[in-house]
Amino acid sequence: MLVEYSSPNMARRMHVGHIRSTIIGQALANIMAALGYRVISDSHIGDWGKNFGILLTAIRHEGRPTGNDEAALAILEGLYARYNRLAEEEATIDQEARDWSLRLEQGDPEALDLWRWIVGLTLSVNAPLYTRLGVRFDTIHGESFFNDKMAPIVAEALKQGVATRTDGGAVVVTLPEQPTFLLQRSDGGTLYHTRDAATIAFREEEYRPTAIIYVVDGRQELHFRQLFALMRALGHAREIALVHVSFGVVIGPDGRPLAARRGNMVYLQALLNEAHTRARAIADASSPHLPEVEREAIAEAVGVGAVIYNDLHQDPRRTIALDWDQMLALQGNSAPYIQYMHARCRSILRRATLTDIGSGDPSLLTHPAETALLKALALMPNAVRAVGTRYTAAALAEWCYETARATATFYRDCPTLTAPTPEVRAARLRLVAAMAQGLASGLHLLGIAAPDQL
RNA sequence: ACCGCCGUAGCUCAGUGGACGAGAGCACCUGGCUACGAACCAGGGGGCCGCGUGUUCGAAUCACGCCGGCGGUACCA
């Protein structure tokens, strides 16, 4: 099974708009692997096309930014925004951008040189963010990778009569029940559909997957409907499930889209840092006895965990209005709550002796809080399987939270270390060990760390 | 205009293969640390589950229509 997610644009810093695909995709990849699929995670980076034409035009006019850090990337980002707007207003700039994107496709050395620099810069700036989020890719086959694989698809579509060439030279596809779309520009350049069609053909040949999962925002639903219909019409991917996991975009608190030029853009790094800072403040207040390095590590696990969980616990299709307090919530229905319950279980296990654990008799667990936990444990496989069939990690996030709540009640009503009898104590220890393992596994599958102590 | 998604408590959201008389978090009110860690727990107020019709023994959940919000609709991605 191949899972495509994150797929950031080049020459841009990752912002809250990218976080959803990244987080949802990684969780799905984790869970599909747990379900037994051999998962290939792929970031289909946007390193090709007309947007690069615009970038190259901008650099040609304004010069190449110095440095190889986030600051340089920010400058590129600004250049792109400005020239993208210019291209819409001035036909000469637009033409220049088209020319450059074509030169890039044709292997022009100058274009290639700048292209390599831009891609390298972007990937190196993004890398530490991925590390913090626990994200890793098996392959990064950007759109450029498919440059030489597109002509055959276009030819195939024409040959099969699925597509036709217009008088202007463009290749147009008309399928039943689908709006028509283009497979090739009139100047010979390729398009989004072309690249994605070539990508499917490649993946089909290369991996023979049972499914290809696209974790891409909902605005591209039509694109994928058309793409999948095209591939079916061509006779491709007959035995492959093609799935678009669609999610809603993140908008500003005012209900309007986030945009750099509107000044309300929130970058991923800033978001993670703020989450870390908030978690650190609470760690300092509630666990002053822990050494500095540990509190720092806990703050990272808790802060980043909160961000990840916030994205996973709700229906991905909803539009999310940016709300710092909600995204970074550290109480209630949040990752820290689940992490806390896990840590309390671990705390009990730390205080018990090893020989106590695993020898308990489960039939002694008859208190309502105990049976509730046993039921919760039994439901975990269902939750994981639901993710596999519904393609949403929310089912598992929900399980983690409900289970953590049941754990909290048990914690209050059923003392473990000071249980009434040694037999009950042993049984409860065994239960606590199971809960700790279940919660930790659930969190790990979601891509969230489960520290032994907060 | 057409297509898609969403519309559940003041706010943010769970719940839609059969399973109590509809749930959680935040906010508000009340109570609980001489600790298996209070990043917690217990309790309270607060809801024509957008509206209507239909299917069914039974509908927040399924079907159809309507209203509202958002998104998309060939040479950007």
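First things first, this report covers the structure right here in the doc. Here the structure is a predicted model, which is why all the values come from computation and not from measurement. (Residues numbered from 1 in each chain as written. Chains lettered and ligands numbered in written order. Predicted model: local features only at pLDDT ≥ 70, side-chain atom pairs only at ≥ 80, totals over all residues. Heavy atoms only, no water.)

### Digging into the sheet that holds strand E1 (residues 2–4)
For step 1, the next point in the chain: In spatial order, the strands read E2-E1-E6-E7; together these four strands make up an open sheet with parallel pairing. In this open sheet, the two edge strands, each paired with only one partner strand, are strand E2 (40–42) and strand E7 (241–247). Adjacent strand axes in the sheet meet at a mean angle of 15° when their direction is disregarded.
For step 2, the next point in the chain: As defined by bridge partners, E1 adjoins E2 across three bridges and the pair is classed as parallel. Opposite leucine 2, over in E2, you have isoleucine 40 as the bridge partner.
For step 3, the next point in the chain: Its contacts with the sheet place helix H8 (residues 221–233) against strand E6 (211–217) and E7, and it is angled at close to 175° to E7. (Pairing = 2+ DSSP bridges. Helix = DSSP H or I, 4+ residues; strand = E, 2+ residues; numbered from the N terminus. Axes fitted to C-alpha atoms, helices over the stretch in contact; angles between N-to-C directions. Contact = heavy atoms within 4.5 Å.)

### As for unusual backbone geometry
For step 1, the next point in the chain: Residue alanine 11 is not a glycine yet carries a positive backbone phi of 65°.
For step 2, the next point in the chain: Among the structural elements, alanine 11 can be located in the loop between E1 and helix H1 (16–34).
For step 3, the next point in the chain: Here the phi dihedral of tyrosine 391 falls at roughly 60°; this positive angle occurs in a residue that is not glycine.

### Looking at the nonpolar core
One broad trend across soluble globular proteins is that nonpolar side chains are buried collectively.
For step 1, the next point in the chain: Formed by 68 residues in total, the largest nonpolar core has its most connected members in Ile213, Val215, Ile338, Leu396 and Leu446.
For step 2, the next point in the chain: Sorting elements by how many residues they give to this core places H1 first, with nine residues.
For step 3, the next point in the chain: Residue contacts for leucine 446: discarding those within four places in its chain leaves Ala27, Asn30, Ile31, Ile308, Tyr309, Leu312, Ala393, Leu396, Ala397 and Cys400.
For step 4, the next point in the chain: Membership of the second largest hydrophobic core comes to 31 residues, among which are Ala157, Val173, Ala197 and Met231. (Core = buried A, V, L, I, M, F, W, Y, C linked by side-chain atoms within 4.5 Å. Buried < 20%, exposed > 50% of the residue type's maximum accessible area, 1.4 Å probe, protein only.)

### A look at the protein's contact with RNA strand B
For step 1, the next point in the chain: The local shell around RNA strand B holds 56 residues, among which Arg195, Glu221, Asp315, Gln326 and Tyr411 are the closest.
For step 2, the next point in the chain: Here, RNA strand B places atoms within 4 Å of the protein, and 71% of those atoms are sugar or phosphate.
For step 3, the next point in the chain: One of the backbone N or O atoms of threonine 180 is found 3.4 Å from a sugar or linking oxygen in RNA strand B.
For step 4, the next point in the chain: Arginine 195 is positioned with one of its side-chain polar atoms (N or O) 2.3 Å from a phosphate oxygen of RNA strand B.
For step 5, the next point in the chain: Broken down by element, the surface near RNA strand B gets its largest block of residues, eight residues, from helix H12 (residues 335–351).
For step 6, the next point in the chain: The class makeup of the residues in the surface near RNA strand B is 24 nonpolar, 16 polar and 16 charged. (Near = heavy atom within 4 Å. Polar contact = N/O pair within 3.5 Å; in protein donor to acceptor, adjacent residues only side chain to side chain. Nonpolar A, V, L, I, M, F, W, Y, C, P; charged D, E, K, R; others polar.)

### Some words on the side chain of histidine 236
For step 1, the next point in the chain: Mapped onto the elements of the fold, histidine 236 is located in the loop between H8 and E7.
For step 2, the next point in the chain: With a relative accessible area of 15%, histidine 236 lands in the buried category.
For step 3, the next point in the chain: Side chain to side chain, histidine 236 and glutamate 204 meet in a polar contact 2.7 Å long.
For step 4, the next point in the chain: Not counting residues within four places of it along the chain, the set of residues in contact with histidine 236 comprises Ile153, Glu156, Ala201, Glu204 and Met231.

### Points about the packing of aromatic side chains
Aromatic ring pairs are described here by two measures, namely the spacing of the ring centres and the angle between the planes.
For step 1, the next point in the chain: One pass over the structure, following the stated rule, counts eleven aromatic pairs.
For step 2, the next point in the chain: Between tyrosine 214 and phenylalanine 224, the ring centres sit 4.8 Å apart and the planes meet at 45°, which makes this aromatic pair tilted. With tyrosine 214 in strand E6 and phenylalanine 224 in helix H8, the pair connects residues that are ten residues apart, well separated along the chain.
For step 3, the next point in the chain: One aromatic cluster is present, built from ring pairs that chain together Phe145, Phe146, Phe202 and Tyr207. (Phe/Tyr/Trp six-rings, centres within 6.5 Å; stacked < 30°, edge-to-face > 60°.)

### Digging into the side chain of histidine 44
For step 1, the next point in the chain: Here histidine 44 is to be found in the loop between E2 and helix H2 (50–62).
For step 2, the next point in the chain: Judged by its relative accessible area of 5%, histidine 44 falls in the buried class.
For step 3, the next point in the chain: Within the structure, the side chain of histidine 44 is placed 3.2 Å from the backbone oxygen of histidine 141, a separation counted as a polar contact.
For step 4, the next point in the chain: Of note is the side chain of histidine 44, whose polar atom sits 3.5 Å from the side chain of aspartate 196.
For step 5, the next point in the chain: Beyond its immediate stretch of four places on either side in the chain, histidine 44 contacts Glu4, Tyr5, Ser7, His141, Gly142, Glu143, Phe146, Asp196, Thr199 and Arg203.

### As for the packing of H12 against helix H14 (residues 394–413)
For step 1, the next point in the chain: At a minimum axis distance of 9 Å, the contact between H12 and H14 shows a crossing angle of 45°. Between H12 and H14, the angle is such that the two are oblique. Taken as a pair, H12 and H14 cross one another with a handedness that is left-handed. On H14, the residues that touch Tyr337, Ile338, Met341, Arg344, Cys345 and Ile348 of H12 are Cys400, Tyr401, Ala404, Arg405, Thr407, Ala408 and Tyr411.
For step 2, the next point in the chain: Partitioning the contact of H12 with H14 into residue classes produces ten nonpolar, one polar and two charged. (Parallel < 35°, antiparallel > 145°, perpendicular 65-115°, else oblique. Left-handed = near helix turned anticlockwise from the far one by under 90°.)

### A look at helix H9 (residues 268–286)
Every α-helical turn comprises 3.6 residues, leaving residues that sit three or four positions apart pointing alike.
For step 1, the next point in the chain: With 19 residues, H9 ought to run about 27 Å at 1.5 Å a step, and its terminal C-alpha atoms sit 27 Å apart, in line with that.
For step 2, the next point in the chain: Listing the buried residues of H9 in full gives Leu268, Leu271, Leu272, Ala275, His276, Ala279, Arg280 and Ala283. In a view along the axis of H9, the buried residues occupy a sector of 165°, so they form one face of it. (Expected span 1.5 Å × (residues − 1). Arc of directions from axis to C-beta.)

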